[in-house]
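One-letter residues, chain by chain:
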Amino acid sequence: MNIAQKNQEIIKPFLTAMYDFDELAVRSFIEKTFSIDVKIHICHPFGDVLKSEFYNNCYAPLVEAIPDIERRDTILVSGQTAGNKYWVGCCGSYVGTFVSPFLDIPPTGHLVHMRFHEFYCFVDDKIVEVQSIWDIPELMMQAGAWPMSPSLGRELFIPGPASQDGLISVNRTLNQSANSLDVVIGMLTNLSRHPSEGGPEIMQSEKYWHPSFNWYGPAGIGSMRGLEGFRNWHQIPFLNALPDRKGGTTGDLICDFFGDGPYVVATGWPNMQMTVTGDGWLGIAPSGQEITMRSLDFWRVEGDLIRENWVLVDLLDVYYQLGVDVFARLREFNKARVPVNVSYPIGASK
């Protein structure tokens, strides 16, 4: 068993403990497996937290809001980056019954789902860094409490890989991993050539994307299918608003990549930088404001083409950098709703 595979085995009990959420097991794993000086980066509004604060500040409020919370991983990958870092990447959703407010989001009393992309960096069997984005806007939308502009794409419960192999690593090979990584790096390299070197043709998109690919974006952007869907509902608005964006294979920020069989991941905190110009983005007027972006991504490659792409961006942090307090607006937006807890378990009555 190589180091990447060993790291994946080390973290599996942590993930299992959150399936039927076991507080003691989760706390024990954090205490034993996180290094003393671990760097924990969580999406806005949590920010950077200390090891001693991690459970109480992040998981405890989530479990209080969703007491029957269940973690469902759909992709689990591990590998070594070009910079000799060893990462484990997890993709999936937290699901359960939403009965108490979470970050001032009003409860629904119904089943809800919140996507996560979580990355764990290992050194000598210890976790030394965490990068995690929870799709909190997705929870706001299900509660009817999203206070910002509507998504251009579709909002839905994001599926796992169509290949049904996101959690099966036995058949992943080094050659396949290298090929998948080459495809994604080639796509990103050509993507960065626009607009400085030419029009949309310079990106050579048809060379890298399957005609029927699915792009699963964060709530607030939405999901879409095929090149036309991707261009219409995400790429064109994104490039028009942020033409000087740098990240991935360009710029000064660190972005770690690795391949694991048909899967490729990118992680960095932050890993993109750009200026909001043009017609603005996400319904926010252009301000010339320079911002950074945290994007944690998974791609699945079939043959030599990208068939699926799961993307989470810390959109709440983007709004925050642009001077928009989404949570203040959330409270104003829901001022007329009575903030009550839903009794749990929810009983049936005639």
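For the structure given in this document, a descriptive report is provided here. (Residues numbered from 1 in each chain as written. Predicted model: local features only at pLDDT ≥ 70, side-chain atom pairs only at ≥ 80, totals over all residues. Heavy atoms only, no water.)

Concerning the sheet that holds strand 11 (residues 263–267)
Inference 1: Spatially, the six strands line up as an open sheet ordered 8-7-15-14-11-10, and their pairing is mixed. Strands with a single pairing partner mark the edges of an open sheet, and in this sheet they are strand 8 (223–225) and strand 10 (256–260). Strand-to-strand, the axes of this sheet are offset by a mean angle of 15 degrees, without reference to chain direction.
Inference 2: When strand 10 meets strand 11, the two strands line up antiparallel, connected through five bridges. When the sheet's bridge partners are listed, aspartate 260 is paired in strand 11 with tyrosine 263.
Inference 3: Across the sheet, helix 6 (residues 226–241) is in contact with strand 7 (209–216) and strand 8; its angle to strand 8 comes to roughly 145 degrees. (Pairing = 2+ DSSP bridges. Helix = DSSP H or I, 4+ residues; strand = E, 2+ residues; numbered from the N terminus. Axes fitted to C-alpha atoms, helices over the stretch in contact; angles between N-to-C directions. Contact = heavy atoms within 4.5 Å.)

So, the pattern of salt bridges
Inference 1: Scanning the entire structure with this criterion turns up 17 salt bridges.
Inference 2: The partner of glutamate 9 in a salt bridge is lysine 12, and the shortest N-O contact between them spans 3.0 Å. With a gap of three residues between them, glutamate 9 and lysine 12 both fall in helix 1 (residues 3–17), about one helical turn apart.
Inference 3: The partly exposed category is assigned to glutamate 9, whose relative accessible area is 39%. (Salt bridge = Lys/Arg side-chain N within 4 Å of Asp/Glu carboxyl O. Buried < 20%, exposed > 50% of the residue type's maximum accessible area, 1.4 Å probe, protein only.)

Topic: helix 6
Inference 1: Across its 16 residues, helix 6 extends 22 Å between first and last C-alpha, which sits within 8% of the 22 Å expected from 1.5 Å per residue.
Inference 2: Within helix 6, the axis deviates most sharply at asparagine 232, by approximately 45 degrees.
Inference 3: Of all the residues in helix 6, the buried ones are Gly226, Leu227, Gly229, Phe230, Arg231, His234, Gln235, Phe238, Leu239 and Ala241. (Expected span 1.5 Å × (residues − 1). Bend = angle between axes of the 7 residues up to and from the residue.)

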